[in-house]
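# Chain and residue survey
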Amino acid sequence: MDTWCSMESQSKVAKASNGWREWSPSCPRNQGESPWRASDGSDGYPSQAPLDLEQRFAKMEAVIQRHEEEIQRLKQQRYVRISSTCSRCNRSVETIIHCLVTCSFAVACWRSVGLYGGSPGDISFGSWLQDRFNNWDLRERQIGAVLCWAIWQDRNNKVWNGKTKSVKNVIAFANVEKGMSIGVRQLKINVDAATFADRNKFGYGWVLRDSGGHILQSRSGSWSGCVNPALAEAFGVKEVLSWIKESKLSHVTVESDSLITIQAFRSSMNTNSPFSCCIAECKRIISNLNHVCLCFVKRSANRVAHGLARVSWLYAEQLFGGHCSE
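Structural notes, computed from the coordinates.

Thresholds applied
Residues numbered from 1 in each chain as written. Predicted model: local features only at pLDDT ≥ 70, side-chain atom pairs only at ≥ 80, totals over all residues. Heavy atoms only, no water. Helix = DSSP H or I, 4+ residues; strand = E, 2+ residues; numbered from the N terminus. 1 Å grid on protein atoms, 1.4 Å probe; cavity = no way out; pocket = protein on both sides within 12 Å on 5 of 7 lines; lining within 4 Å. Points joined across faces, edges and corners; volume = space filled by probe spheres on them. Nonpolar A, V, L, I, M, F, W, Y, C, P; charged D, E, K, R; others polar. Axes fitted to C-alpha atoms, helices over the stretch in contact; angles between N-to-C directions. Left-handed = near helix turned anticlockwise from the far one by under 90°. Contact = heavy atoms within 4.5 Å. Buried < 20%, exposed > 50% of the residue type's maximum accessible area, 1.4 Å probe, protein only. Phe/Tyr/Trp six-rings, centres within 6.5 Å; stacked < 30°, edge-to-face > 60°. Lys NZ or Arg CZ within 6 Å of the ring centre and 35° of its normal. Core = buried A, V, L, I, M, F, W, Y, C linked by side-chain atoms within 4.5 Å.

## Details of the environment of Val146
The topology assignment puts Val146 in helix α8 (residues 138–161). Put simply, Val146 and Ala174 are 28 residues apart on the chain and 6.4 Å apart in space, counted from C-alpha to C-alpha.

## Topic: the layout of surface pockets
If you roll a probe as big as a water molecule over the atoms, it shows you where there is empty space left. One number sums up the size of the largest pocket: a volume of about 590 Å³. Considering the residues around the largest pocket, the lining is formed by 29 residues, among which Asn134, Asn135, Trp136, Lys188 and Ala301 are closest to the centre. For the lining of the largest pocket, the elements supplying multiple residues, two or more each, are α7 (125–135), α8, β1 (187–196), β2 (201–210) and α13 (303–310). Of the residues contributing to the lining of the largest pocket, the split by class is ten nonpolar, nine polar and ten charged. The space that makes up the second largest pocket amounts to roughly 260 Å³. Taken together, the elements giving at least two residues each to the lining of the second largest pocket come down to α8, β4 (252–256) and β5 (292–296). When its residues are assigned to classes, the lining of the second largest pocket shows five nonpolar, six polar and three charged.

## Remarks on the packing of helix α6 (residues 104–112) against α8
Closest axis-to-axis distance for the α6/α8 pair is 11 Å, and the angle between their directions is 145 degrees. As for the relative orientation of α6 and α8, their crossing is right-handed in sense. Mapping the contact onto sequence places Phe105, Ala106, Cys109 and Trp110 in α6 and Gly144, Leu147, Cys148, Ile151 and Asp154 in α8. Taken together, the residues that form the contact of α6 with α8 break down as seven nonpolar, one polar and one charged.

## Concerning the side chain of Ser258
Structurally, Ser258 can be placed in the loop between β4 and α11 (259–266). Looking at Ser258, the relative accessible area reads 9%, which means it is buried. Excluding residues within four positions of it along the chain, Ser258 makes contact with Glu233 and Phe296.

## Topic: the packing of aromatic side chains
Going through the model one piece at a time under the given rule, you end up with ten aromatic pairs. In this structure an aromatic cluster arises from ring pairing among Trp110, Phe125, Trp128, Phe133 and Trp136. Directly above the ring of Trp313 sits Arg199, whose terminal nitrogen or CZ lies 3.7 Å from the centroid.

## A short note on the nonpolar core
Counting 25 residues, the largest nonpolar core has Trp110, Val113, Phe125, Trp128, Leu147 and Ile151 as its most contacted members. Ranked by residues supplied to this core, first place goes to α8 with six residues. Setting aside residues up to four positions removed in sequence, Phe125 forms contacts with Ile96, Ile97, Leu100, Val101 and Cys148. Counting 22 residues, the second largest nonpolar core, distinct from the first, contains Val252, Phe265, Cys282 and Leu294.

## Points about α6
Residues of α6 that are buried: Phe105, Ala106, Val107, Cys109 and Trp110. A positive backbone phi angle near 80 degrees is found at Gly114, which sits one or two residues after α6.

Following this line, the structure appears as structure tokens:
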């Protein structure tokens, strides 16, 4: 009889507490039941003499309060006071654009890779980056993105660990992590050609820039004869590649606004036409050059070379600027 009463008592308790057992069905058993263990001192199951609801809530509230106090204490132990002043220059408020662009350390990094474009003024980092991406070529965009990441990593290392790298080491770090030769001098040549049927001439013009957009050298020249525009463009590209070879340059991007020439250069088709023969010569020359590529750009991005080509009939060959070498 005593056994039966005991079983009945436990059954009533289990029914009474069943709703409470389902207070957090998504929690694992050990996590979902931990408040009950803490509140009634049991192993997670209701005792034969459970506390009333008010007592149970009071105990749970006290446990939660103790947990919150412990969490706050742990947070205070791990808290690091971060100043709003730049951790590198200690002069300006550290905004994103200051950290990555205008800080003296960041400026030194951008100058080192040849991508410093001057003070951006009072604009956001997003606006600055969009403007730079509109003016950079593909490789310059890659370098810019990787350098921003490397500068930010070094900033975090300075703030959290009190350590920082030199400009040279930041660039080396980006090179290792991303597998890019950021420190290598990058050059770009824009080339264009023009025909002058009334003068029985055709000519070319090209301009050489560094990665900062500064003009280093330009050249214009012409030949006698009447050719179609596509052949004139191919001759212009061949002249540029020949000059790169003679100057022993590397890491050069050659840009032309002649889509026909670029497509023919990338095609494997060969014919006996003068145009095809000129393209084949371009392929032969570029195969012997180090890190030189040919790509297409719109006319709007090729205006300087276009202007030189339009006056090329005036010169058999005219070089503007000094000697350029690695």
